[in-house]
Amino acid sequence: MNRTPLQSLALYGTVVLLAALILFPVYWLLVTAVSTSADLSQLPPSFWPDEAQWGTFAKVWEERPIPLWLLNSMLAAIGSVTLSMVVSVLAGYALSRFTIRGGHSLGLFILTAKMLPATLLVIPLFSIFRNFGMIGSLWTLVLAHSTLIIPFTTWMLKGYFDTIPRELEQAAMVDGCSPMGAMVRVVLPVATPGLAATSLYAFVLSWADYAYARTFLVNAPDSWTANLGITTMRGEYSTDWNEISAAAVFVAVPIIVIYLFLERYLVGGLTAGAEK
Amino acid sequence: MSRVRLFDLARPSRQHLLGYILLTPAVLLVGLIIVYPLIISIDLSLQAVKLPRIGAPRAPFTTANYERLFASSEFWMACWVTLKLVVVVTAGSLITGVSTALLVNNRFRGRTLARLAMALPWAVPEVIAVVIFAWIFDSSFGLMSWLLVTLGLSDGMVAWVSTPGAAFWAVAITMIWKGYPFVSIMTLAGLQSIPTDFYNAAKVDGANVFQRFRWITLPLLMPVLGVTLVLVILWVFRDFSIIKVLTEGGPLKSTQTLSIMTYDQAFGFFNFGYASAVGVVTLVICVVASLLLLGRQTRAMY
């Protein structure tokens, strides 16, 4: 496509302007994190502090249990992603390769599961976990996050398996592999990029949760996840905006890094089998 | 003659059996953590209970929760707030998402970078987005108020989170920022699946850029946009973190959606029965709305 210089200028101008507008809140988070409290209580606001206080990051890391919160988020995510991936890989493979009676109603069911409001499901889950004395334990999140993850990953993985030709397994089986052996030794290695992308996507879903963590863990500070911990940094009357912003950067960075890796696979994840 | 091996999974006639075996763990787990809890909550909604123990004798069957619900002005107010939020956030996300997608669908240098930047808010966890916007909408030193005053649009600093009308907009803007990248990503995927031949043919026929958008891009994008629209609506319907952390549903319940009402009835007032009734009604609305909106296209959702 050939553009006149004027068209190019308009295109780049619009892109830069829109990107600046969209990224501004993220920039503002960084500026706030490195400002002093005095900088933050003046108008007009300064768009870059005279002296950037990078020390706030170290201060928050040491004074608040941020490493613990991040660790808890990480544990909940690893647990729920592992559990969900094991069952979804098997189920996704089954749905891709075999004619399952009732497959259509299963699809409808998964669709309904995606519509379930977490605020509805959290009520019976709370009752169940309370019965088993699990309230306050990170295991509650492993199970609760799986309710968010499985409906997505099963169909995402079915989609990936659909793109792998059946001839691969047939060849392996002719060579003496059992059907399970063909799946484990031939299909899964080929599907590795898909498995990785799906796991990362599931990780993001778990990391973003606030409703379940708040309900099951609010009275157990040792189990607080990053999202829950950070909300406790907001005071009733005043908030140290620079400190909470610095903490927020620690929580957001892992997901932003994952996003940069995941971006080109994202469509598969978001649609989760929506095409066709 | 060899023994019949009943569980020889390699036998073609046993192939479907393997399928069911592989599906079993998922079915069991989903049954345990989704279906069983869902049955419990429907059951809870039909009992007059506060905070019951599971396994305790069931309270008598009653539809009192639903009667109370439909007679409560709080419920209808929550429906109204949800509807307003759905309309505003969906419209905002759709406009922003589609226009950013159209923009980065052009070929230009730095396009990958622009694409990453345009959808970045997708990667910011909702709670973190709220931390950012709570500060932008701060009533004493927030940027938004200062901007409005400077532009002459407001006489003084706006107490965003404690003024009903303003709180609604604070929530809506935060949700649009968080929600539009999804639309953008989906639209971009839709745009890239349109064959370039169509555009070339249209150009040969003398169609200008607007005609090409109206008669090629838009119709071919419609299926994707339909599904996307429903998913955004469902997200707004069910969202908890953004509203809860930003305004707690206040002030005066002006940002209390059905989702927030469900949660507060359960964990603020410990009315598990009543809260379940609100939640079940929310789920029914979600299911009916998506079926109506998608119609025959429902299959495309899964």
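Residues numbered from 1 in each chain as written. Chains lettered and ligands numbered in written order. Predicted model: local features only at pLDDT ≥ 70, side-chain atom pairs only at ≥ 80, totals over all residues.

**Structural notes on the overall build of chain A**
Part 1: Looking only at helices and strands, chain A has 14 helices and zero strands in total.
Part 2: Reading the secondary structure of chain A in the N-to-C direction produces α-α-α-α-α-α-α-α-α-α-α-α-α-α.
Part 3: In terms of its C-alpha atoms, chain A occupies a principal-axis envelope of roughly 75 × 70 × 30 Å.
Part 4: Residue pairs at least 24 apart in sequence account for 74% of intrachain contacts in chain A once pairs closer than 6 positions are excluded. (Helix = DSSP H or I, 4+ residues; strand = E, 2+ residues; numbered from the N terminus. Contact = placed C-beta atoms within 7 Å.)

**A word on the overall build of chain B**
Part 1: From N to C terminus, chain B includes 12 helices and zero strands.
Part 2: Of the regular secondary structure in chain B, the N- to C-terminal order runs α-α-α-α-α-α-α-α-α-α-α-α.
Part 3: Expected size for 302 residues packed as a compact globule is a radius of gyration near 19 Å; at 25 Å, chain B overshoots this value by more than 25%.
Part 4: Principal-axis analysis of the C-alpha atoms gives chain B an extent of 75 × 65 × 30 Å. (Rg over C-alpha atoms; globule rule 2.2 N^0.38 Å.)

**Some points on the domain arrangement of chain A**
All names here are of chain A.
Part 1: Structurally, chain A comprises domain 1 (5-57) and domain 2 (65-271).
Part 2: For domain 1 and domain 2, the distance between their C-alpha centres works out to 33 Å.
Part 3: Between domain 1 and domain 2, the contact holds nine residues from the first and eight residues from the second.
Part 4: If you list the elements that add at least two residues to the side of domain 1 that touches domain 2, you get α1 (5-33), α2 (37-40) and α3 (55-63).
Part 5: In the side of domain 1 that touches domain 2, the residues fall into five nonpolar, four polar and no charged. (Domains from an automatic or database assignment. Nonpolar A, V, L, I, M, F, W, Y, C, P; charged D, E, K, R; others polar.)

**Some words on the environment of Leu40(A)**
Part 1: Inspection of the secondary structure puts Leu40(A) in helix α2.
Part 2: Residue Leu40(A) is classed as buried on the basis of its 21 C-beta neighbours within 10 Å.
Part 3: It is 37 Å that separates the C-alpha atoms of Leu40(A) and His145(A), two residues lying 105 residues apart in sequence.
Part 4: Contact partners of Leu40(A), with chain neighbours within four places excluded, come to Thr32(A), Ser35(A), Trp241(A), Asn242(A) and Phe141(B). (Buried ≥ 20, exposed ≤ 12 C-beta atoms within 10 Å, placed from the backbone.)

**Concerning the environment of Val34(A)**
All names here are of chain A.
Part 1: Examined against the element boundaries, Val-34 turns out to sit in the loop between α1 and α2.
Part 2: Each C-alpha atom, one on Val-34 and one on Gln-53, is 4.4 Å from the other, the two residues being 19 residues apart in sequence.
Part 3: In this structure Val-34 touches Pro-49, Ala-52, Gln-53, Trp-54 and Thr-56, once residues within four positions along its chain are discounted.

**Concerning the interface of chain B and chain A**
Reports often express the size of an interface as the amount of accessible area lost when the parts come together.
Part 1: Across the boundary between the two partners, chain B contributes 76 residues, which contact 80 residues of chain A.
Part 2: Here the side of chain B that touches chain A takes 16 residues from helix α1 (residues 15-45) of chain B, the largest share from any one element.

**A closer look at the nonpolar core**
Part 1: Counting 173 residues, the largest nonpolar core has Ala248(A), Val131(B) and Leu246(B) as the members making the most contacts within it.
Part 2: When residues in this core are grouped by element, the largest group, 15 residues, is from helix α4 (residues 66-97) of chain A.
Part 3: Residue contributions to this core reach at least three from each of two domains, namely domain 1 (5-57) and domain 2 (65-271) of chain A.
Part 4: Aside from chain neighbours lying at most four places away, what touches Leu246(B) is Val130(B), Phe133(B), Ala134(B), Val161(B), Ala170(B), Val171(B) and Thr174(B). (Core = buried A, V, L, I, M, F, W, Y, C linked by C-beta atoms within 7 Å.)

**Things to note about helix α9 (residues 179-190) of chain A**
Residue and element names in this part refer to chain A.
Part 1: For α9, spanning 12 residues, the distance from its first C-alpha to its last is 16 Å, which sits close to the expected 16 Å at 1.5 Å a residue.
Part 2: By the burial criterion, the buried members of α9 are Pro-179, Ala-182, Met-183 and Val-187. The buried residues of α9 all sit within an arc of 95° when viewed along its axis, so they share a single face. (Expected span 1.5 Å × (residues − 1). Arc of directions from axis to C-beta.)

**Details of unusual backbone geometry**
Residue and element names in this part refer to chain B.
Part 1: Even without glycine at this site, Leu-252 takes up a positive phi of about 55°.
Part 2: Mapped onto the elements of the fold, Leu-252 is located in the loop between α10 (241-246) and α11 (258-267).
Part 3: Here Lys-253, not a glycine, exhibits a phi torsion of approximately 60°, which is positive.
Part 4: Turning to its location among the elements, Lys-253 is positioned in the loop between α10 and α11.
Part 5: Residue Lys-253 is classed as partly exposed on the basis of its C-beta count, with 19 C-beta atoms lying within 10 Å.

**Concerning the confidence of the model for chain B**
All names here are of chain B.
Part 1: Model confidence for chain B is summarised by a mean pLDDT of 87, while 93% of its residues fall at 70 or above.
Part 2: Looking at the elements of chain B, mean pLDDT is at its lowest for helix α8 (residues 196-204), recorded as 85, and at its highest for α11, recorded as 96.
Part 3: Predicted as a complex, the structure gets a pTM of 0.90 and an ipTM equal to 0.89. (pLDDT = per-residue confidence, 0-100.)

**Quick word on the environment of Ser139(B)**
All names here are of chain B.
Part 1: With respect to the element layout, Ser-139 can be found in the loop between α5 (126-136) and α6 (143-150).
Part 2: According to the C-beta neighbour criterion, Ser-139 is partly exposed, with 15 such atoms within 10 Å.
Part 3: Note: C-alpha distance between Ser-139 and Ser-162 (23 residues apart in sequence) is 8.6 Å.
Part 4: Once residues lying within four places of it in the same chain are set aside, the contact partners of Ser-139 are Ser-145, Met-157, Val-158, Ala-159, Trp-160, Val-161 and Ser-162.

**A closer look at the packing of α1(A) against helix α13 (residues 241-262) of chain A**
How two helices pack is summed up by the angle between their axes together with the distance between the axes.
Residue and element names in this part refer to chain A.
Part 1: As a packed pair, α1 and α13 sit with axes 7 Å apart at the nearest point and diverge in direction by 125°. When the interaxial angle is binned, α1 and α13 end up oblique. The crossing of α1 and α13 is left-handed. Here α1 contributes Leu-29, Leu-30, Thr-32 and Ala-33 to the contact with α13, which in turn contributes Trp-241, Asn-242, Ser-245, Ala-246, Ala-248 and Val-249.
Part 2: Taken together, the residues that form the contact of α1 with α13 break down as seven nonpolar, three polar and no charged. (Axes fitted to C-alpha atoms, helices over the stretch in contact; angles between N-to-C directions. Parallel < 35°, antiparallel > 145°, perpendicular 65-115°, else oblique. Left-handed = near helix turned anticlockwise from the far one by under 90°.)

**Here's the deal with the confidence of the model for chain A**
Residues and elements named next belong to chain A.
Part 1: Across chain A, the average pLDDT comes to 87, with 95% of residues at or above 70.
Part 2: When pLDDT is averaged over each element of chain A, helix α11 (residues 211-217) comes out on top at 96 and helix α14 (residues 266-271) at the bottom at 58.
Part 3: Taken as a whole, residues 272-276 scores under 50 in pLDDT and shows 11 contacts with residues more than four places along the chain or in a different chain.

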